Amino acid sequence: MDYRALIFVALLPSIVVWFFFWKYTDICLEDALITYRYAENIATGNGFVYNLGERVLGTTTPLYTLLLAAGAWIFGIQTIPVFSNIILAISGLLVGWFTYSVLIHVGLDRWLSATATLFLLVQPQFVVTVAGGMETMLVLALMAGSLYALCLGRNQSAVVLCALLVLARIDGVVWAGVVFFVIGWNKMRRLPYSILLFVLILLPWIVFAVFYFGSAIPHSVIAKKIVVYEAVSSLDFGSNFIAHMRWFCGALGASPDYVVKLFGKNAVVYWLVVSVLVCLFMIGAIWVFREKERRPLVAMVAFPPLLCIAYLVGHAPRMFYWYLVPALWCCAVLIALGWVVVFEWDKRLSFGSRGWRQMTVVPLFLFSMVLLTNTIIGNLHERSFNYYYQSIEKGLRKQAGLWLADNTPGDTSVAMEAIGYQGTFSNRRIIDLAGLISPDVVRIYSESKSRGLAFQRILDELKPDYLVLRSFEVDRNMNWHGGRLFEDSRQAEFFKKHYREIKRFSTAFSDFWGPAGYITVFERQPNEG
């Protein structure tokens, strides 16, 4: 069988897994709808905005937004979700094709390459990413394409793809940096031309963004650092570092949730699995450095630790698992390479007896079965989890948005934190309590000594006509992002005087989210201005 045809052995089962996962869960992630609303406004001539007339770059993926807007302009805004699924499915297939081609290029057996590619594409987080509507799979396709271009010695193609990558997601600049390192390592004299080409491709967008938004840095990046991030002040550095590293271990494909389902709440087993994966990663990394033709894969070695550092320093919120998927791609490929090297090493032991080989192969076989079981259990877990999660999104947040659309004046402002479903379906001017599209909220948080004081200033200065809060925030005086909603009893009394509860929402699955599964709408009292 031709090696190009063999890739379909990996791609076809992946498509089946993706389709049935999407069909069963009907998943569309909350943040995807923020991008959809930007795309809809562009397609309908309202500009690159979330709220009409407010030029704030609240999406980190202008390239994906423009692609969706083009599809909406041609086929209609109602096709945005379908067009998104098509883009992400094609991107997923390209990731598989490029990954397989890279493995073949560096000398792996074609059947092993196809198996490794299949294993990669059906990883639980990959499946969710393809189906979820976020831009992550497009980001990954551009990364994989640039790596394959490097392997073929097509540096200009790699640079063009890296520039598009930064437009697809701003943290792609980390991958672009390691690609430039590889280009300079191969031939330093090519590096200035590569950087110039990179800048020239990005320059039109930078000029437009500075003129249109006032900055080329997405405002959502600043907001997530100031408002959304779980404040480091609540933890000492050591505790925060451990929490960050535990989160980032998901980039190895070792989710604590799945290991718990396999072995129970046994931290020793979890860290044992992680340790073995790290060892295989390191073996794969050493193999990459041993020969010159493998040099492009150095990018895959450097990217995960650099991204980990960037997220730690940049205070990336640990609640968003899709941040880890690009690093998971690098780790999965290097772990597969390490796995192959170990088996090859075992077969070539000149002094190895049959008993010695059995001693080494049996543990590896058992561990491979654990990883396979981990993947299967992980997919079943994500399938069940996202089914209930999506049921709540549509039965709770979407319904709240639709209720606002039907029961509030069209020119009112609504303050809320979950601006995806609630904001999109309400079709109202949104004051984002997370600050992604609301610079004034970020300013207030940065100037306030506590979240309670910031919330009070938002009510005083921005005067939202309606508020959508998680019910426990008022009932228990707890801010969703940490700390108290009201700093003291005086602020609580002020809130009760100026806002009255008019509607509560829940669904049959609300308990699945715990206290977050109940939301309340408040209306500002007319006599209070």
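Residues numbered from 1 in each chain as written. Predicted model: local features only at pLDDT ≥ 70, side-chain atom pairs only at ≥ 80, totals over all residues. Heavy atoms only, no water.

Student: Tell me what's going on with the side chain of S101, and back it up with residues and numbers.
Tutor: Relative to the assigned elements, S101 resides in helix α4 (residues 80-105). A distance of 2.8 Å separates a polar side-chain atom of S101 from the backbone oxygen of W97. (Helix = DSSP H or I, 4+ residues; strand = E, 2+ residues; numbered from the N terminus. Polar contact = N/O pair within 3.5 Å; in protein donor to acceptor, adjacent residues only side chain to side chain.)

Student: Account for the packing of aromatic side chains, naming residues and giving values.
Tutor: Any aromatic ring pair is given by two values, namely how distant the centres are and how the planes are angled relative to each other. Counted by the stated rule, this structure contains 35 aromatic pairs. Relative to Y50, the ring of Y38 lies with its centre 6.0 Å away and its plane at 55°, an arrangement referred to as tilted. Here Y50 lies in the loop between α2 (30-43) and α3 (62-75) and Y38 lies in helix α2, a separation of 12 residues in the sequence. Y50 sits in the buried class, given a relative accessible area of 2%. (Phe/Tyr/Trp six-rings, centres within 6.5 Å; stacked < 30°, edge-to-face > 60°. Buried < 20%, exposed > 50% of the residue type's maximum accessible area, 1.4 Å probe, protein only.)

Student: Describe in detail the packing of α2 against α3, supporting the description with residues and values.
Tutor: When two helices pack together, their arrangement is given by the angle between their axes and by how far apart the axes lie. Axis separation between α2 and α3 bottoms out at 8 Å; the angle between their running directions is 50°. Looking at the two axes, α2 sits oblique to α3. In this structure, the crossing between α2 and α3 has a hand that is right-handed. Seen from α2, the contacting residues are T35, Y36, Y38, A39, I42 and A43; seen from α3, they are Y64, T65, L66, L68, A69, A72 and W73. Its residues assigned to classes, the contact of α2 with α3 comprises 11 nonpolar, 2 polar and no charged. (Axes fitted to C-alpha atoms, helices over the stretch in contact; angles between N-to-C directions. Parallel < 35°, antiparallel > 145°, perpendicular 65-115°, else oblique. Left-handed = near helix turned anticlockwise from the far one by under 90°. Contact = heavy atoms within 4.5 Å. Nonpolar A, V, L, I, M, F, W, Y, C, P; charged D, E, K, R; others polar.)

Student: Which residues make up the packing of helix α20 (residues 451-462) against helix α22 (residues 489-498), and what values go with them?
Tutor: Look at α20 against α22: their axes get within 11 Å of each other, and the N-to-C directions meet at 30°. With respect to each other, α20 and α22 are oriented roughly parallel. At the point where α20 passes α22, the crossing takes the left-handed sense. Of the residues in α22, those touching α20 at G452, L453, F455, Q456, L459 and D460 are Q491, F494 and F495.

Student: Quick rundown of unusual backbone geometry? Include the residues and the values.
Tutor: Not every positive phi belongs to a glycine, and D26 is a case in point at roughly 50°. Along the polypeptide, D26 turns up in the loop between α1 (3-25) and α2. Its identity is not glycine, yet N427 carries a phi of approximately 55°, on the positive side. Of note, N427 is situated in the loop between α18 (421-426) and β2 (429-432). We classify N427 as exposed; its relative accessible area is 57%.

Coordinates in, geometry out; function isn't part of it.
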